[in-house]
Amino acid sequence: MELNSVKIHQNYEKILENVKKYSPYPEKVKILFVSKYLNVEEHKAVIDMGYDYFGENRAQLYRDKLNEFSHEKYKNIKWDFIGRLQKNKIKYIINSVNLVHSIDSYQLLEEINKKAIENNRVINGLVQINISKEESKTGVYIEDFKKDSEKYFSMSNVKIAGFMTMAPFDASEYEINNYFSKMRELKEEYEKEYDYITELSMGMSNDYVEALKNGATIIRIGSKLFE
């Protein structure tokens, strides 16, 4: 990929403008740079442009990249994990991850907690909600989460900081808004009980404006930055 720093900055600024325009609390919104498109050299170039918050979606590539970013100059970079996480791959991210967006089952949460205890870490995580009940997507259905919610908040070494979801790629604007508004309601319901719930990760390059309108605090942007 040929990186054009001027174009990336322009696209990022346009997204920032939309954050200010559409979010009810723009000061809380973080733009997560989805970096799966970037090889190590490209990633270093993007960091040199001044970006410092990235999301990776494959555990082994995450591990390999972090090995390349162990130098002191990269110590303030924040790395989130946003892809599907297999239990046997938790070990690759456990010691460095800032936030796990994709806790898509209670069983995975238990395993992350176990690995966090072994590594003497407290991990911040988001419960992935399958808001549209698509069979091709993982995640917990809202009604199942509500039925068992207490146990999600009972882990010693994983703090559930909020929720994540993905709308169907082919959903209409009306449908997307409907899905995202249900996620906003879910966050509002549980933040009353757990004051450390602060995050709602939803919205990607194709639907981030709808996510902002519905209170997203993290939008996951990849291709939109390179257009």
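Only a predicted model underlies this, so the values are computations on that prediction, with no experimental measurement involved.

### Quick look at the environment of Ile 47
Logical step 1: Relative to the elements of secondary structure, Ile 47 occurs in helix α2 (residues 40-48).
Logical step 2: By relative accessible area, which is 10% here, Ile 47 ends up buried.
Logical step 3: C-alpha separation for the pair Ile 47 and Ile 77, spaced 30 residues apart in sequence, amounts to 8.5 Å.
Logical step 4: Setting aside its immediate chain neighbours within four residues, Ile 47 contacts Phe 54, Phe 69, Tyr 74 and Ile 77.

### Structural notes on the nonpolar core
Logical step 1: Grouped together as the largest cluster of nonpolar side chains are 66 residues, with contacts concentrated most on Leu 85, Ile 112, Ile 129, Phe 145, Phe 163 and Ile 219.
Logical step 2: Take this core: its biggest share by element is six residues, from helix α7 (residues 173-191).
Logical step 3: Once residues lying within four places of it in the same chain are set aside, the contact partners of Ile 112 are Leu 85, Ile 90, Ile 94, Val 100, Ile 103, Ile 123 and Val 158.
Logical step 4: Membership of the second largest hydrophobic core comes to nine residues, among which are Leu 32, Tyr 53, Ile 82 and Leu 99.

### Describing the environment of Glu 143
Logical step 1: Structurally, the position occupied by Glu 143 is in helix α5 (residues 142-147).
Logical step 2: Measuring from C-alpha to C-alpha, the distance between Glu 143 and Ser 223 comes to 33 Å, with 80 residues separating the pair along the chain.
Logical step 3: For Glu 143, the side chain forms a polar contact with the side chain of Lys 133, separated by 2.5 Å.

### Re the UniProt feature "domain: Alanine racemase N-terminal" (unreviewed entry) in the protein chain
Logical step 1: Mapped onto this numbering, the UniProt entry gives "domain: Alanine racemase N-terminal" (unreviewed entry) at residues 85-226.
Logical step 2: Across residues 85-226 one finds 34% helix and 18% strand; the C-alpha atoms that close the span lie 26 Å apart.

### Quick word on the packing of aromatic side chains
Logical step 1: Overall, the coordinates contain 18 aromatic pairs when judged by the stated rule.
Logical step 2: Ring centres 5.3 Å apart and planes at 85 degrees place the aromatic pair Phe 145 and Phe 163 in the edge-to-face group. Here Phe 145 is found in helix α5, whereas its partner Phe 163 is found in strand β6 (residues 158-164), with 18 residues between them in sequence.
Logical step 3: What makes Phe 145 buried here is its relative accessible area of 0%.
Logical step 4: The ring of Tyr 25 has Lys 28 lying over it, and the distance from NZ or CZ to the ring centre is 4.6 Å.
Logical step 5: The residue whose ring lies beneath Arg 63 is Tyr 92, and the NZ or CZ to ring-centre distance is 4.4 Å.

### Brief notes about the side chain of Lys 137
Logical step 1: Turning to its location among the elements, Lys 137 is positioned in the loop between β5 (123-128) and α5.
Logical step 2: In this structure the side chain of Lys 137 is engaged in a polar contact, spanning 2.4 Å, whose partner is the side chain of Glu 134.
Logical step 3: Apart from the residues lying within four places of it in its own chain, the contact partners of Lys 137 are Asn 130, Met 166, Ala 167 and Pro 168.

Definitions and limits used
- Residues numbered from 1 in each chain as written.
- Predicted model: local features only at pLDDT ≥ 70, side-chain atom pairs only at ≥ 80, totals over all residues.
- Heavy atoms only, no water.
- Helix = DSSP H or I, 4+ residues; strand = E, 2+ residues; numbered from the N terminus.
- Buried < 20%, exposed > 50% of the residue type's maximum accessible area, 1.4 Å probe, protein only.
- Contact = heavy atoms within 4.5 Å.
- Core = buried A, V, L, I, M, F, W, Y, C linked by side-chain atoms within 4.5 Å.
- Polar contact = N/O pair within 3.5 Å; in protein donor to acceptor, adjacent residues only side chain to side chain.
- UniProt positions renumbered as here; feature names shortened; annotations may be inferred.
- Phe/Tyr/Trp six-rings, centres within 6.5 Å; stacked < 30°, edge-to-face > 60°.
- Lys NZ or Arg CZ within 6 Å of the ring centre and 35° of its normal.

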